[in-house]
Amino acid sequence: MASALISARDRQTLVEVVCTAFPHSSFPRGPYERAADVVLDQAGQDPRFLAQLIQGLGELDAQRDVPFTELDTDTAAAVLRGADGTPFLTAVVDSAVVTLYSDPEVWELLGYEGPSYDKGGYVDRGFNDLDWLPEPRITHDEEASA
Amino acid sequence: MTRFDYDDGDVVVVVGSGAGGGTVANELCQRGFKTVVLEAGPHLTGEDYVQDEWEAFGQMAWTDPRTTSGSWQVATDFPELPAWIVKAVGGTTTHWAGACPRFKAHELAARSTYGDIDGANLLDWPIALSELEPYYDKAEIKMGVTHRHGRPPLPANNNYKVFANGAEKVGYRYYSTGPYATNAEPYDGRPATVQDGFNFQGDKHGSKWSTLVAELPKAERTGNLDLRPDSHAAQILHDATGRATGVLYVDRNGTLRRQRAAVVCVAGNSIETPRLLLLSGSAQHPDGLANSSGQVGRNYMRHTTGTVWGQFDRPVHMYRGETMAGVIADESRLDTDRGFVGGYYMETIALGPAFLAKFVAPGKWGSQLTELLDGYRNTAGMWIVGEDMPQADNRITLNSDVTDAHQLPVADVHFDDHANDVAMRRHGQRQGAAVYQAVGSRRTIETPPYPSTHNLGTCRMSQRPRDGVVDRFGRAHDVPNLFISDGSVFTTGAAANPTLTIVALATRQAEYIATELTKTL
Ligand SMILES: Cc1cc2nc3c(=O)[nH]c(=O)nc-3n(C[C@H](O)[C@H](O)[C@H](O)COP(=O)(O)OP(=O)(O)OC[C@H]3O[C@@H](n4cnc5c(N)ncnc54)[C@H](O)[C@@H]3O)c2cc1C
C-alpha cells in the first residue's frame, strides 16, 4: 500500500526517475509506472525507505529551476547521475531493475518469450532455429571412446 | 511415509538433501539402513515451480541472512548474498544446470603439479583419479549424463550454435553439447527435455537429474527413508568418548527436536556445513566440532568465474532451450604457460532479461545498461568456470552480531581473489570474447562473478589430520562416526563443475559407511 505522504506529483516524479534510470526508446509508460508503483508499495511497508524516498524525490525537484519531470532527457540523466550511490536512488534502482525486466510487456518488447512449459517448451518452437551460421557438430572424437 | 523414533539411535542422520546428502541417503537406504534426512527448506515439486526468474528465486533460494567480507567483488555487489544456493528438498540440484565434467588426474594432485604458489594453501587430495573412476562411472549412470555410457548428446540449441561456430573459428577442438545430466531421450523413468528454458528454476518437466526427482523418490521406495523438510539442524551432539550421538534441529513448528543417531552425515553445502560444525562446539571441541586442525571453514573456494555476452546483428534467442548445453574444454588443459596455473571451461549460459539486467553490471543503471538489454534478442552467453586457489584466510566464520530466525549466529563468508584467479578470469574473458568476435559479434560484454554457485573446500580432505578436517572417505579425523558428504570435502577445486564429483564421492562414502556399520552393529 502506497503511503498518504506520497502525492500524485511525487509518483510522477518517481515514474520519471525510473524512466531516466532505464531509458528504452521502445518502452511505453506502462511498465515504468508499474515499476514505480512497486517501489511505492515497498516504501509503504518500510518507514526508513519511505523517508528516504520523500527526501530524495524532493531533492531531485530542487536541482534545477523546473521540477524533475519537466527536464529534458539529458538534463534529467545528469541530475540523476548526481544522486548515484545515495541510499534513495540505490533502493529505487534495486527495486525497479527487478520489476521492470520481469514485466511481460517489456519481455515482448525485448524479444523474450518467457514461460513456455504450458506451450510444450521450445522444442517445437524454435529452440534451434538459428540459421545464419552453419550447423555445428555436437560431439568431439575423444568423447566417443570415453 | 516412514517415520523413525526420535530416540532410535540406530538411524543415520543426514543433514541436507542436495547433491551430497540426497545421494548418500539413497545409497544407504538401498543398502537397508534406516536414514533420517533433515532438510531446512520446504518440499517443493514440479508443480510448485514457476517459470519466472525472480519469483522462482524467491521461492527456492537460501535467503536466510549471511554476511560477506574481503576484497571480492561479490561483497560489494551482493553483500548479503554471497552464494546462490537453494533451501528446499533437493538442495541446489533443483537449480543446477547439469554440467558434468570429471576431474583430471593432475587436479587431484594440485600441490605436486603446481608447486608452491605464493599465498595458496594447496594440498594434494588423499585419493587418486584411478580410485574415483569407478564411482564416476556409477555417478554418470545414475545421473544419465549425456555423451557417456551410451546416453545421446543434447541437440544444438541457438546459443550453442553461436558458441560452437566461434569455437571452431578460433581453433578450439574440444567443443560439444555436453556432458550434461539432462535427458536428451527418456531415461530412468524421467522424460526427455522439452527445451522449456527454465532449468535453473527447478525444471518442471523433471528431465534434469536432481536428488528431488531421482535419489529421494528411490530412497523413499525402500521404506528406509524418513525425509523431514522444514527441519533446520542447529547442533550436532556428542558423548564423552567423542562419538556423535545425534542432531538437535528446529522443526517446522519452531520446536527444538533431538534425533539420536548411529552416524551423522553433514551435507549442507560448503557454507552451512562448517557453520553447523562451528555451532557444535563443546568443552571437548572448543573451536567447533571436528576442528582440532583449525581447518573447519578455511580454504573456501568458489571457482574462478565470469560471464561473456556477445551481441550480433541477427537473432539468437538464447533463452530457448536448455539453460546450459555447450562446453568448450580446450582451456581446461594442464598448461602453466598462460600466466596462471589450473584450467577452465567455457559453458553456454542463458539468462532472461530480469536476471541479465541485475547481473550484467550489478547496481548500474543508465543508457549503457539499457542499450545492452535492447540487444537481448541478439545476445549469446557463456560462463567461465575454472580452478581457484584455496587460501587459508578465505573462510567461513560465525558472525555473532547477526543471527537467523532461530537465533543462531550466521555465516560470514570472507574471500579475497588470489592473483592467479584474477589472471585466469582475464584470460577467460578475453578468450570468450574472441569466440564471439570470430563469428561477427558487434560487441562483447563481460560480467563480474555472480554470487557463488559452486561452494567448496571448507572441510577439506587430507591424508594427515593436521592438514584438513576429513579423511579419504569424508570421515572426520576427530569424530569417528561423523561424515561430511558434500563439496566441503574438496581438497582443491579443479576446473570441473563440482556436482558429478560430489555425487561420486557420496556414493563411495555410502559404500564405506555401510561396510563400517555392518561391522559395528
Ligand atoms: C544456478 C546454478 C547452476 C549450477 N550449475 C551447475 C552445473 O551445471 N554443474 C555442476 O556441477 N554444478 C552446478 N551447480 C552447483 C551445484 O548445484 C552444487 O555443486 C551442488 O548442488 C552442491 O551440493 P551440496 O550437497 O553440497 O549442497 P546443496 O545441493 O546446496 O544442498 C544442501 C542442502 O542442505 C540444506 N541445509 C543447509 N544447512 C542445513 C541445516 N542446518 N539443516 C538442514 N538442512 C540444511 C540446504 O537447505 C540444501 O537443501 C549450480 C548451482 C547453481 C546455483
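Each value, and the rule that gives it
- All chains use their own residue numbering, which begins from 1 and follows the written sequence.
- Both sets of labels track the order of writing: A upward for chains, 1 upward for ligands.
- Local features are withheld for residues below a pLDDT of 70 in this predicted model, meaning they are given only at 70 or higher, and side-chain atom pairs are given and counted only at 80 or more; totals for whole chains, interfaces and linings count all residues.
- As a convention, hydrogens and water are excluded, and side-chain values are obtained from all of the structure's heavy atoms.
- UniProt positions are given in the numbering used here, feature names are shortened, and annotations may be inferred rather than shown by experiment.
- Runs of E in the DSSP output that reach at least two residues are strands. Runs of H or I that reach at least four are helices, and both are numbered from the N terminus.
- Contacts described as polar in this section are N or O atom pairs within 3.5 Å, which, within protein, must combine one atom able to donate a hydrogen with one able to accept it, while residues neighboring in sequence count only if both atoms come from side chains.
- By definition, residues are in contact when any of their heavy atoms lie within 4.5 Å.
- Here the quantity called buried area is the total loss of accessible area, with a 1.4 Å probe, experienced by two parts when brought into contact, counted for both.
- Salt bridges are counted wherever a side-chain nitrogen of Lys or Arg sits within 4 Å of a carboxyl oxygen of Asp or Glu.
- Each residue gets one label: Ala, Val, Leu, Ile, Met, Phe, Trp, Tyr, Cys and Pro are nonpolar, Asp, Glu, Lys and Arg are charged, and the others, such as Gly, are polar.
- Burial status follows relative accessibility: with a 1.4 Å probe on protein chains alone, a residue under 20% of its type maximum counts as buried, one over 50% as exposed, and anything between as partly exposed.
- Should DSSP find at least two bridges between two strands, the strands are regarded as paired.
- For helices, the axis comes from a line fit to the C-alpha atoms of the stretch in contact; other axes are also lines fit to C-alpha atoms, and the angle between any two N-to-C directions lies between 0 and 180 degrees.
- Only heavy atoms are used to decide nearness, and a residue is near a molecule or strand if one of them lies within 4 Å of it.
- The distinction between a cavity and a pocket rests on a 1 Å grid over the protein atoms alone: a 1.4 Å probe fits inside a cavity but cannot get out, while a pocket stays open yet meets protein on both sides within 12 Å along at least five of seven lines, and a residue with an atom within 4 Å of a point counts as lining.
- Grid points are joined across faces, edges and corners, and a volume is the space filled by probe spheres set on the points.

Where an unreviewed UniProt entry is consulted, chain B appears under the name GMC family oxidoreductase, with the organism given as Actinomycetospora endophytica. Under the Sequence similarities (unreviewed entry) heading, UniProt states for chain B: "Belongs to the GMC oxidoreductase family."

As recorded in an unreviewed UniProt entry, chain A goes by Gluconate 2-dehydrogenase subunit 3-like protein and comes from Actinomycetospora endophytica.

Chemist: Outline the side chain of Asn 224 of chain B, supporting the account with residue identities and numerical values.
Modeler: Residue and element names in this part refer to chain B. Mapped onto the elements of the fold, Asn 224 is located in the loop between helix H7 (211–221) and strand E5 (225–228). At 2.9 Å, the side chain of Asn 224 forms a polar contact with the backbone oxygen of Cys 29. The residues contacting Asn 224, other than those within four sequence positions of it, are Thr 2, Phe 4, Cys 29, Gly 32, Phe 33, Lys 34, Thr 35 and Ala 219.

Chemist: Go over the interface of chain B and chain A, please, and point to the residues and values.
Modeler: Taken together, the contact pairs 53 residues of chain B with 48 residues of chain A. Taking both sides of the interface into account, the surface hidden between chain B and chain A amounts to around 4,500 Å²; carbon and sulfur atoms contribute 60%. Interface area lost by chain B to chain A is led by Lys 161, Arg 320 and Trp 365 of chain B, which between them contribute 18%. At the surface where chain B touches chain A, the tally comes to four salt bridges. Applying the counting criterion to the chain B and chain A interface returns 30 residue pairs in polar contact (both at pLDDT 80 or more). When residues of the side of chain B that touches chain A are traced back to their parent elements, those giving at least two are helix H6 (158–170), strand E4 (175–176), helix H9 (353–359) and helix H10 (367–374) of chain B. By residue number, the principal contributor to the side of chain B that touches chain A is H6 of chain B, which donates seven residues. Its residues assigned to classes, the side of chain B that touches chain A comprises 24 nonpolar, 17 polar and 12 charged.

Chemist: Quick rundown of the pattern of salt bridges? Include the residues and the values.
Modeler: Residue and element names in this part refer to chain B. Evaluation of the coordinates by the stated rule reveals 43 salt bridges over all chains. Here Glu 185 ties to Arg 151 by a salt bridge, and the two come within 3.1 Å at their closest N and O atoms. Here Glu 185, found in the loop between E4 and H7, pairs with Arg 151, found in the loop between helix H5 (129–143) and H6; they are 34 residues apart in sequence, far enough to count as distant. Accessibility expressed as a relative area gives 37% for Glu 185, which makes it partly exposed. Relative accessible area serves as the criterion here: at 17%, Arg 151 is assigned to the buried category. One salt-bridge network, held together by shared partners, links Glu 27, Arg 31, Lys 138, Lys 142, Glu 215 and Glu 511.

Chemist: Now, about the UniProt feature "domain: Glucose-methanol-choline oxidoreductase C-terminal" (unreviewed entry) in chain B: what can you tell me, with residues and values included?
Modeler: Residues annotated in UniProt with the feature "domain: Glucose-methanol-choline oxidoreductase C-terminal" (unreviewed entry) correspond here to residues 390–506 of chain B. Secondary structure over residues 390–506 of chain B splits into 23% helix and 20% strand, and the C-alpha atoms at its two ends are 22 Å apart.

Chemist: Residue-level account of the sheet that holds strand E8 (residues 256–260) of chain B, with values.
Modeler: Residues and elements named next belong to chain B. Taken in spatial order, the three strands of this open sheet run E6-E7-E8, and their pairing is antiparallel. Where the open sheet ends on each side, the last strands, each with one partner, are strand E6 (232–238) and E8. The sheet shows a mean angle of 25 degrees between the axes of neighbouring strands, direction not considered. Taken together, the six bridges between E6 and strand E7 (residues 244–250) define a ladder with antiparallel strand orientation. In the sheet register, Ile 236 faces E7, and the bridge partner there is Val 247.

Chemist: I'd like to hear about the site of the ligand, residue by residue, with values.
Modeler: All names here are of chain B. Taken together, 38 residues form the shell around the ligand, and within it Gly 20, Glu 39, Thr 92, Ala 99 and Asn 269 come nearest. Interatomic distance of 2.5 Å between a side-chain N/O atom of Thr 92 and an oxygen atom of the ligand. Between the ligand and Ala 267, the relevant distance is 3.5 Å, taken from an oxygen atom to a main-chain nitrogen or oxygen of the residue. Residue assignment for the shell around the ligand shows that the elements contributing at least two residues are helix H1 (19–30), E6, helix H8 (269–279) and helix H12 (499–520). When its residues are assigned to classes, the shell around the ligand shows 16 nonpolar, 18 polar and four charged.

Chemist: Outline empty space enclosed by the protein, listing residues and values.
Modeler: Residue and element names in this part refer to chain B. Scanning all chains against the criterion turns up seven cavities of 30 Å³ or more. Put simply, the second largest cavity is a space of about 110 Å³. Along the walls of the second largest cavity sit 14 residues, with Glu 53, Gly 197, Ala 350, Leu 351 and Gly 352 positioned nearest its centre. In terms of residue class, the lining of the second largest cavity is made up of eight nonpolar, five polar and one charged.

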